[in-house]
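# Examining the three-dimensional arrangement
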Amino acid sequence: MKLIVKVFPEITIKSTPVRKGFIRQLTKNIRAVLRDLDPDVRLAGAWDNVELDTTVQDPALLDEMRKRLTCTPGIAHFLEVHEYPLGDFDDVVEKCVAHYAHLLPGKVFAVRCKRIGKKHPFSSMDVERHVGSHLRQRCAAAGIDLRHPQVEVRLEIRDQRLFVIHSQHKGLGGYPLGALEQSLVLMSGGFDSTVAAYQMMRRGLMTHFCFFNLGGRAHELGVMEVAHYLWKKYGSSHRVLFISVPFEEVVGEILQNVDNSQMGVVLKRMMLRAAARVAQRLSIDALVTGEALSQVSSQTLTNLSVIDAATDMLVMRPLIASHKQDIIDTAHEIGTAEFAKNMPEYCGVISVNPTTRARGYRVEKEEARFDMAVLERALDNARRISIDHVIDELGKDIEVEEVDEALAGQVVLDIRHPEQCEDEPLLIEGVEVRALPFYAINNRFKELDENRQYLLYCDKGVMSRLHAHHLLSEGHTNVRVYRPSGQLQVASDKLQGKSEQS
């Protein structure tokens, strides 16, 4: 398969050194993203594109390559092409007949040709006219319609090479990760923060994740899972960090010493202070939040101004003018909506009558009663984990009973992501298998029949151990982990690198 990867248009208007740097970075990122699928993938950058050649033939692997490229920042779109040496016009016609003759009978069509190079004695329009007239005569086409064709015959001529294009796939756009600065997203795992993180990654900023734990292992686990999902899908060309800051004591200090109406604003200021300290230690340039104007009481313009005054670091809010439904729709598009809907609830600062017009002097007066040593302890106890190891780190030292065989009467709960369950269905003869995604298990397990035995299954056994351990700690004694010793009837193991979600 040969692909022509078209870069984000804004890259092409940069100065020559900057543009070349962006394309070099994109080439490195593509190689990193596809390395486990084809270690020998060949890439070459040009003025406005990257050419990709792979000898992989397996349809499942090729499909996975396409999926990963559509989620790689810096790519506007990419074309699947057949490449030939450029011959005369009649030779171009023959190549088009070979690829398009079966699509044209009875259809109106148009020929689109893009020509790049300075040594051609013809124009793109010359090619389109010649090829179009011959295809109409030879392929029983109904006619030519340049405005509303049923079939587009697409060609690209680059110097002395001809590319016959047979499909196009849309990319994310934006700049390549690693070519711009870094950001630290304040991550709660809900709709807003996950979409804000995606927007930064889509633009090309390396995005690290900072989670403030307000009192719950289940919530921390859920946020780790969705952060890992975002990184794996949209940013796996680079390693980033997940930082978890224990904020229970901070919340307790606020509840004890801060006036009820000011609690929400003070909590946000404490989070910004802590996040800025984390970012400074890591040489990260900006903070990112999922706040949208007036969505909740702490997000009025007045309150946001007071909150921002807690730090000199740049705070970016990519969703500031977004409607909630638009945010939810985006979450569905990028795959984080189900995480958000099933995110475990936590107890934070709940004001009875929160202020919508905070005043700096009043907030500072309230904060004067706050023991800043509490915030320092939270920062000292923060945990920093490389995102590609976050799930494995969570699974360390967890002791849960594992079985290598499922028996009749037991239920195997396949907790993998729904896309993976669909692509690689788990089938065990004589045993009931149910799909219950890992992001929903904490909320939905209590709805299951408590008199039956449940075996949790995932590819690597890490996520299944984590969730089984959590369920056991919640008092559910009918849970174990299913880790088969032999090969199951799961679709090909060639896609081991496809999902790190378990």
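Since the model is a prediction, treat every value here as computed from it, not as a measurement.

### Quick look at the UniProt feature "active site" (unreviewed entry) in the protein
- What UniProt calls "active site" (unreviewed entry) maps, in this numbering, to Cys 458.
- By the element assignment, Cys 458 lies in the loop between strand E18 (454-457) and helix H18 (462-473).
- Residue classification places Cys 458 among the buried positions, given a relative accessible area of 0%.

### Section: the UniProt feature "domain: THUMP" (unreviewed entry) in the protein
- The UniProt entry lists residues 63-168 under the feature "domain: THUMP" (unreviewed entry), expressed in the numbering used here.
- The span residues 63-168 carries 33% helix and 36% strand; its end-to-end C-alpha distance comes to 13 Å.

### Some details on the pattern of salt bridges
- Inspection of the entire model under this criterion finds 37 salt bridges.
- Between Arg 416 and Asp 414 there is a salt bridge, and its shortest N-O distance comes to 2.7 Å. Accessibility classification places Arg 416 together with Asp 414 in one group, the buried group.

### Description of the environment of Ser 485
- With respect to the secondary-structure elements, Ser 485 resides in the segment after strand E19 (479-482).
- Of the residues examined, Ser 485 reaches a relative accessible area of 68% and is grouped as exposed.
- When the C-alpha atoms of Ser 485 and Tyr 100 are compared, they prove to be 49 Å apart, with 385 residues separating the residues in sequence.

### Description of the packing of helix H9 (residues 263-281) against helix H10 (residues 301-308)
- Between H9 and H10, the shortest axis-to-axis distance is 9 Å and the interhelical angle comes to 40°. Looking at the two axes, H9 sits oblique to H10. The handedness of the crossing between H9 and H10 comes out as right-handed. Residues Val 265, Lys 268, Arg 269 and Leu 272 of H9 touch H10, and the partners they reach there are Asn 303, Val 306, Ile 307 and Asp 308.

### A closer look at the sheet that holds strand E9 (residues 182-186)
- Pairing is mixed across the open sheet formed by six strands, whose spatial order is E13-E12-E9-E10-E11-E14. Unpaired on one side and paired on the other, strand E13 (314-316) and strand E14 (383-386) mark the two borders of the sheet. Between one strand axis and the next, the sheet turns through 25° on average, direction left out of account.
- For E9 and strand E10 (residues 206-213), the ladder comprises five bridges, and the chain directions are parallel. Note on E10: the bridge partner recorded for Val 185 is Phe 209.

### Looking at a nonpolar patch on the surface
- A cluster of nonpolar side chains, Leu 293, Leu 301 and Ile 320, forms an exposed patch at the surface whose accessible area comes to about 270 Å².
- By the secondary structure assignment, Leu 301 is in helix H10.
- In this structure Leu 301 comes out as exposed when scored by relative accessible area, which is 62%.

### A short note on the environment of Leu 287
- Looking at where Leu 287 falls in the secondary structure, it is placed in strand E12 (residues 286-288).
- Here Leu 287 is in contact with Leu 184, Leu 186, Leu 272, Ala 275, Ala 276, Ala 279, Met 313, Leu 314, Val 315 and Met 316, once residues within four sequence places are set aside.

### Section: the state of the cysteines
- According to the stated counting rule, one finds zero disulfides in the structure shown.
- We note that Cys 139 lacks a disulfide partner, and the nearest cysteine sulfur, in Cys 96, lies 9.4 Å from it.
- Classification of Cys 139 as buried rests on a relative accessible area of 5%.

### Re the packing of aromatic side chains
- Within the structure shown, the criterion is met by nine aromatic pairs.
- Between Phe 211 and Phe 242, the ring centres sit 6.5 Å apart and the planes meet at 35°, which makes this aromatic pair tilted. Within this pair, whereas Phe 211 is found in strand E10, its partner Phe 242 is found in strand E11 (residues 241-246), the two being separated by 31 residues in sequence. For the residue pair Phe 211 and Phe 242, the accessibility class agrees, reading buried in each case.
- An angle of 50° between the planes, with centres 6.0 Å apart, marks the rings of Tyr 457 and Tyr 482 as tilted.

The rules we used
- Residues numbered from 1 in each chain as written.
- Predicted model: local features only at pLDDT ≥ 70, side-chain atom pairs only at ≥ 80, totals over all residues.
- Heavy atoms only, no water.
- UniProt positions renumbered as here; feature names shortened; annotations may be inferred.
- Helix = DSSP H or I, 4+ residues; strand = E, 2+ residues; numbered from the N terminus.
- Buried < 20%, exposed > 50% of the residue type's maximum accessible area, 1.4 Å probe, protein only.
- Salt bridge = Lys/Arg side-chain N within 4 Å of Asp/Glu carboxyl O.
- Axes fitted to C-alpha atoms, helices over the stretch in contact; angles between N-to-C directions.
- Parallel < 35°, antiparallel > 145°, perpendicular 65-115°, else oblique.
- Left-handed = near helix turned anticlockwise from the far one by under 90°.
- Contact = heavy atoms within 4.5 Å.
- Pairing = 2+ DSSP bridges.
- Patch = residues over 30% accessible without salt bridge, like charges linked within 9 Å, V, L, I, M, F, W, Y side chains within 5 Å.
- Areas by Shrake-Rupley, 256 points an atom, 1.4 Å probe, with all protein chains shown as cover.
- Disulfide = S-S within 2.5 Å.
- Phe/Tyr/Trp six-rings, centres within 6.5 Å; stacked < 30°, edge-to-face > 60°.

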